[in-house]
Amino acid sequence: MNALYEAPRPEGRPGETVVTSTCGHNCGGRCVVNAHVVEDKIVKISTDARRWSPELAPLPACARGVGQIERVYHPDRLKYPMRRVGPRGSGEFERISWEEALDEVAAQLLRVRETYGNAAILDGSRSGNTAMLHSRTGLIRFLNMFGGSSGLWSSMSCEAEIFSVKQTFGPDVVYKSAGREPTDYVNSKLILMWGWSPADGTFGTGTPQYLKHAKEQGVRIVCIDPRRHRSSKMLAEEHIFIRPSTDAAALIAMAYVIVSEGLHDQDYLDTYVQGFDEHSLPAGAPKGGSYRAYLMGEDDGIVKTPEWASEICGIPAETIRRLAIEFGSTKPAAIQCGYAPGRTLHGEQFHRAAYALAAMTGNIGIVGGSSGVSNGSTGRSGIKSLPAGKNPIDSKISTPLLADCLEKGTAGGYPADIKFIYSMGGDIFNQAPNAPKIAKALDNVEFIVGQDHFLTPTTRHADIVLPATTFWERNDVHTPWAGAGHYAIFMKQAIQPMYECRNDMDILADLAERVGIEGFNDKSELEWLREFTEDTVDDFDKFMEEGVARFPAPKDAVAFAEKIRDPENHKFTTPSGKIEIYSTGLGENPDPFGLGEISAIPKWVPHIETSETFPLSMLSSKSRARTHSIHGNQEKLNRVDPDDIWIHPADANPRGIQDGQAVKVMSASGSSILPVRVTEDIARGCVSMKEGRWYAPDADGIDREGCANAVTVDTTARCGATTYNTNFVEVRPVNPGPA
C-alpha cells in the first residue's frame, strides 16, 4: 500500500525538538499533538495548523490535546509504587520499591488463583490507555496466559450498537467500519443527527468540519436530541426535542408513516432485506412476525402511529409525520446515530429501528446514504494490535452489572466471587454505573491493583499502586477512533519516563516472570510496532520520522456498497445473506446472554418509570474538557466546559431553582451536589449531567463533585449495554432562597 507521509508540525526553535504524537485515550478523535521539547521537558504543545480542505483534511487537536501539558506535569502524578496503609478509599499510602510492589502483586495473584480459581480474578482494565501496543490488551494477554480471568464483556460506550450491527448486517461486521467516510456527508440531501453531537463528543477528527462543509453545500441537517447542544446550534436547521430513552418509539412511528404513505422502497426491500414483509420472513418465523405487521398493529393491536409515539417520546405527532415524509421522500438521506440513545434499558431497539428505517428507504450502501452507523467505513486500515490470546475460562459479566456482581457474587447468580481486581488504565469504579454501590461492595474484594497515572477514584481504593508512563514517555502507533479517514499516527516518545514510572508492558513483563509465564513480551517496542504496521505501512522508518501516514481512500466511502452493487457475489454474512430487519439469530435464540429476551424485529418495549419521588429523566452527556474521567483533575482544562446540571425553566421554577446555584441531585442510588444551569436548551422533564467527574463522597456519602454515576442505576440492557440514559432523579436547591 503506497502511503503518503506527513510531518504536520512546525520547525523547532534553537535547542528545541518537536515530536509528533496523538492522545492515547478513548477520546473520539485521533488528532495530531506535537510536543516541543527542551532538555527532556515538554514546554509547549502545538497541533496540525494547516488550513482545512475536504480533499486532505488536517488533524487538529481539541482543548484536551493541547491540555496534555497540564496533565503530564500535574503535581498529582503518581511518582513511585505505593502500598495502602489506611482504610480502603482513604488515600493513605506509603512509598515502597518496585521489587516490593511486584513481589506482593505476584504473590497475591498466585494465592487467589490457588485458593479461589482464576474466575475470582477480575480484569478491571478499560480504555484510559489506547493504542496498538500500550493498551488494556496487555493486561488481557497477561491474564489469559496466567490461566484466565473474569471479564466485563460489554462495551460501556456502545454495546447496543455493536450488538445491533452484528444482528442486522452480519456477525463478522465491525461497527467501526459499518458507517461511512465523512467525505460522503456532502453527497446527502438530508442528514438526521439522532442523539449525535460530534462537536461535543468529537466522533472522529474533523467530523464537525465535514458536516459544516455539507451544510454549506446545501445539505439539510435536522437534530433529534433531548439537548440543543453545540452540534445542533452549529449545524442543524431544525432541532426536535425528545424524551431520553424513547427514541425507538419515534423511529417506529416514522417507519409506520413511510409505509402508510407508500414511501418505502419495495424493490430494495425485496432484493436486500429480510423480514420487512411476511413473504421475506425466514422459515420458522411466526405468522405476523414481519416488521410491517408490527407497524400496522397486526400482532399486538396497536397501530404505531405518530399519535401513539408522541405520547411516549414527547415529539408532537405532526412533527413525527412531517419528518418521516421528508426522510422517506428525500434521496439520498442519512440517519447518523450517536451512542447515547443506545445507552438505555432497551438500547438495541433504537439502533435496530434506525437501521430498519435506513433499509426501508433504500439508503444503505449508496452514495449519500447511511446504514445508521456514524462511524467510518475503513476501520484501522489493516493495522494490527497486540494479540490478546484466548481466555481459557468462560466467566463473563455484563459491564453495567459490576456493582451488583461485586456485592452479590455467586449468591446473585454471577459466575464468581471476585477476590482480586487488576485495574490498569481505566477508572472503572468511577465510570461504571452506581458508584456508591461499587464503593461499598469493595469490602468483599481481598486485593486490588491500581496501575495508572493518578490516584483516581478507582486507584484510590487499591492495595498496591503502580505508576505508569503516559503516551509521551513511550513509542506506539494509533489509528482513527471512528474508523474513518484512513490514516495512522506514530506516537513518538517525546521525553524519558518521569519519576519511577514504567511502561505498562514492562510492568506486566516483570510480573509474568514472577508468576511463571513465558513468552509474554518477546519483542522490543519497535519490533512490535513494525509487525503491527507491516501490511499497511511501506516505509516504517519514514512513518516513524514524519509522524502521519495517509493511506489510499477506499473504493467505496459508504459501508456495504459492494453488497448492494453486486448482491449475488457479495452477500451480507447474516444467516439470510441479507440485511436482517428480522434477525434470524434472535428468532431462534431470543435471550443470547441470559439477560432477557430481545425481539426478532425492532420493537418499542415500555420502560419509562418516573415517579413522584424521582420524576425527572436524567441523561449523561459528554464534557469537552474530559475524555470520560481522564483530565478530571485538571483545573485549567475544566474551565473549557464547566460542570453543571441542565434543567428547563419549567422544571426549575416550581422547585425554586435559580440559575447558577448549587443543587442536590438525588436518585435511588445516591446523591450529588453541583451547580445548575437553567436553560431552554433541554427538553422539559429532563436533566443532564456531564459524565466523568471524579466521585468524591463526603462523610454522609453525598458526592460533592458532580459525578453522574453517583446517581445512576446498575441495570443492564438485554444486549449487555449500559443504561446511563434510562435514569430517574429529583433535583432540589441546596440553599433555597426565600419563599
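The preceding data block contains the structure.
(A) Structural view of unusual backbone geometry. The omega torsion of the bond from lysine 331 to proline 332 falls at -5°, within 30 degrees of zero and hence cis. Positive phi, close to 50°, is recorded for glutamate 39, a residue that is not glycine. Inspection of the secondary structure puts glutamate 39 in the loop between strand S3 (33-38) and strand S4 (41-47). Notably, asparagine 434 is not glycine yet its phi reads approximately 60°, a positive angle. Turning to its location among the elements, asparagine 434 is positioned in the loop between helix H16 (428-431) and helix H17 (435-441).

(B) Expanded view of the sheet that holds strand S8 (residues 150-152). An order of S6-S5-S17-S16-S15-S7-S8-S14 is seen for the 8 strands of this open sheet, with the pairing classed as mixed. Every other strand in the sheet has two partners, leaving strand S6 (93-95) and strand S14 (396-397) as the edge strands with one partner each. Bridge count for strand S5 (residues 82-84) against S6 is 3 bridges, and the pairing is antiparallel. Bridge pairing in S6 places methionine 82 opposite arginine 95. Here helix H4 (residues 137-145) sits on the sheet and contacts strand S7 (121-123) and strand S15 (420-424); the angle it forms with S7, its principal contact strand, is near 155°. Contacting S15, strand S16 (447-452) and strand S17 (464-467), helix H18 (residues 504-515) runs over the sheet at an angle of about 150° to S15.

(C) Geometry of the sheet that holds strand S22 (residues 616-621). Pairing within the closed barrel is mixed, and its 6 strands lie in the order S22-S26-S23-S25-S24-S27. The sheet shows a mean angle of 45° between the axes of neighbouring strands, taken without regard to direction. Across 3 bridges, the pairing between strand S23 (residues 645-647) and strand S25 (residues 671-678) is parallel. Paired with tryptophan 646 across the two strands is arginine 677, which belongs to S25.

(D) Focus on the state of the cysteines. Summed over all chains, the structure comprises 0 disulfides. Free cysteine: cysteine 405, not disulfide-bonded; nearest cysteine sulfur from cysteine 719 at 19 Å. By relative accessible area, which is 2% here, cysteine 405 ends up buried.

(E) Main features of the nonpolar core. Leu192, Trp194 and Tyr291 are the most contacted members of the largest nonpolar core, which totals 86 residues. Top element by residues in this core is helix H9 (residues 247-260). It accounts for 12 residues. In terms of nonpolar packing, the next biggest core, distinct from the first, is built from 47 residues, Val112, Leu386, Phe447 and Met505 among them.

(F) Molecular detail of the pattern of salt bridges. Under the defined criterion, the tally for this structure stands at 52 salt bridges. Residue glutamate 6 pairs with arginine 550 through a salt bridge whose shortest N-O separation is 3.0 Å. With a gap of 544 residues between them, glutamate 6 in strand S1 (residues 4-6) and arginine 550 in strand S20 (residues 548-550) connect regions that are remote in the sequence. One exposure class covers both glutamate 6 and arginine 550, and it is buried.

(G) Up close: the environment of glycine 338. With respect to the helices and strands, the residue glycine 338 is situated in the loop between strand S13 (333-337) and helix H14 (347-360). Expressed as a C-alpha distance, the spacing of glycine 338 and leucine 110, which sit 228 residues apart in the sequence, is 43 Å. Non-local contacts of glycine 338, meaning those with residues more than four positions away in its chain, are made with Trp194, Gly195, Trp196, Phe350 and His351.

(H) View of the pairing of S4. Two strands pair when backbone bridges link them, and S3 and S4 are joined in this way by 6 bridges, in the antiparallel orientation. Note that in S4 the partner of histidine 36 across the bridge is lysine 44. Here S3 folds back onto S4, and the loop between the two strands holds 2 residues, one of which, glutamate 39, carries a positive phi near 50°.

(I) Highlighting the packing of helix H3 (residues 98-116) against H18. The contact between H3 and H18 brings their axes to 9 Å, and the two run at 55°. Judged by the inter-axis angle, H3 sits oblique to H18. The element H3 and its partner H18 pack so that their crossing is right-handed. Together, Trp98, Glu99, Leu102, Asp103, Val105, Ala106 and Leu110 of H3 and Ile507, Asp510, Leu511, Arg514 and Val515 of H18 make up the contact between the two elements. For the contact of H3 with H18, the class distribution of residues is 8 nonpolar, no polar and 4 charged.

(J) View of the environment of aspartate 651. On the secondary structure map, aspartate 651 appears in helix H24 (residues 649-652). Under the relative-accessibility criterion, aspartate 651 is labelled buried at 12%. In sequence terms aspartate 651 and glycine 685 are 34 residues apart; their C-alpha atoms lie 6.6 Å from each other. Excluding residues that lie within four positions of it along the chain, aspartate 651 makes contacts with Leu616, Ala683, Arg684, Gly685 and Cys686. Here glycine 685 takes part through its backbone nitrogen, which lies 2.6 Å from a polar atom of the side chain of aspartate 651.

(K) Molecular detail of the packing of aromatic side chains. Per the counting criterion, the structure on display carries 21 aromatic pairs. Between the aromatic rings of tryptophan 52 and tyrosine 210, the centroid separation amounts to 5.0 Å while the plane-to-plane angle is 80°, which identifies the pairing as edge-to-face. With a gap of 158 residues between them, tryptophan 52 in the loop between S4 and helix H1 (63-66) and tyrosine 210 in helix H7 (residues 207-216) connect regions that are remote in the sequence. The class for tryptophan 52 is partly exposed, based on a relative accessible area of 25%. The interplanar angle of 35° and the centroid separation of 4.7 Å between the aromatic rings of phenylalanine 471 and tryptophan 472 together place this pair among those described as tilted.

(L) Region of the structure containing the side chain of aspartate 123. Mapped onto the elements of the fold, aspartate 123 is located in strand S7. A distance of 2.6 Å separates polar atoms of two side chains, one belonging to aspartate 123 and the other to serine 125. Ignoring sequence-local partners within four residues, the contact set of aspartate 123 consists of Arg136, Leu139, Ile140, Leu143, Ser149, Ser150, Leu152 and Tyr422.

(M) A look at helix H12 (residues 306-313). Counting buried positions along H12 gives 6 out of 8 residues, so the element sits mostly inside the fold. Residues Pro306, Trp308, Ala309, Ser310, Ile312 and Cys313 constitute the buried set of H12. Positive phi shows up at glycine 314, right after H12, with a value of about 85°.

(N) Representation of the packing of H9 against H12 in the model. Where H9 meets H12, the closest approach of the two axes is 9 Å, and the angle between their N-to-C directions is 170°. Between H9 and H12, the crossing angle belongs to the class labelled roughly antiparallel. When H9 is examined against H12, the residues Ala249, Ala250, Ile252, Ala253, Tyr256 and Val257 are found in contact with a partner set consisting of Pro306, Trp308, Ala309, Ile312 and Cys313. Grouping the amino acids of the contact of H9 with H12 by side-chain chemistry returns 11 nonpolar, no polar and no charged.

Cut-offs and rules
Residues numbered from 1 in each chain as written. Predicted model: local features only at pLDDT ≥ 70, side-chain atom pairs only at ≥ 80, totals over all residues. Heavy atoms only, no water. Helix = DSSP H or I, 4+ residues; strand = E, 2+ residues; numbered from the N terminus. Pairing = 2+ DSSP bridges. Contact = heavy atoms within 4.5 Å. Axes fitted to C-alpha atoms, helices over the stretch in contact; angles between N-to-C directions. Disulfide = S-S within 2.5 Å. Buried < 20%, exposed > 50% of the residue type's maximum accessible area, 1.4 Å probe, protein only. Core = buried A, V, L, I, M, F, W, Y, C linked by side-chain atoms within 4.5 Å. Salt bridge = Lys/Arg side-chain N within 4 Å of Asp/Glu carboxyl O. Parallel < 35°, antiparallel > 145°, perpendicular 65-115°, else oblique. Left-handed = near helix turned anticlockwise from the far one by under 90°. Nonpolar A, V, L, I, M, F, W, Y, C, P; charged D, E, K, R; others polar. Polar contact = N/O pair within 3.5 Å; in protein donor to acceptor, adjacent residues only side chain to side chain. Phe/Tyr/Trp six-rings, centres within 6.5 Å; stacked < 30°, edge-to-face > 60°.

As far as function goes, none of this settles anything; it's purely spatial.
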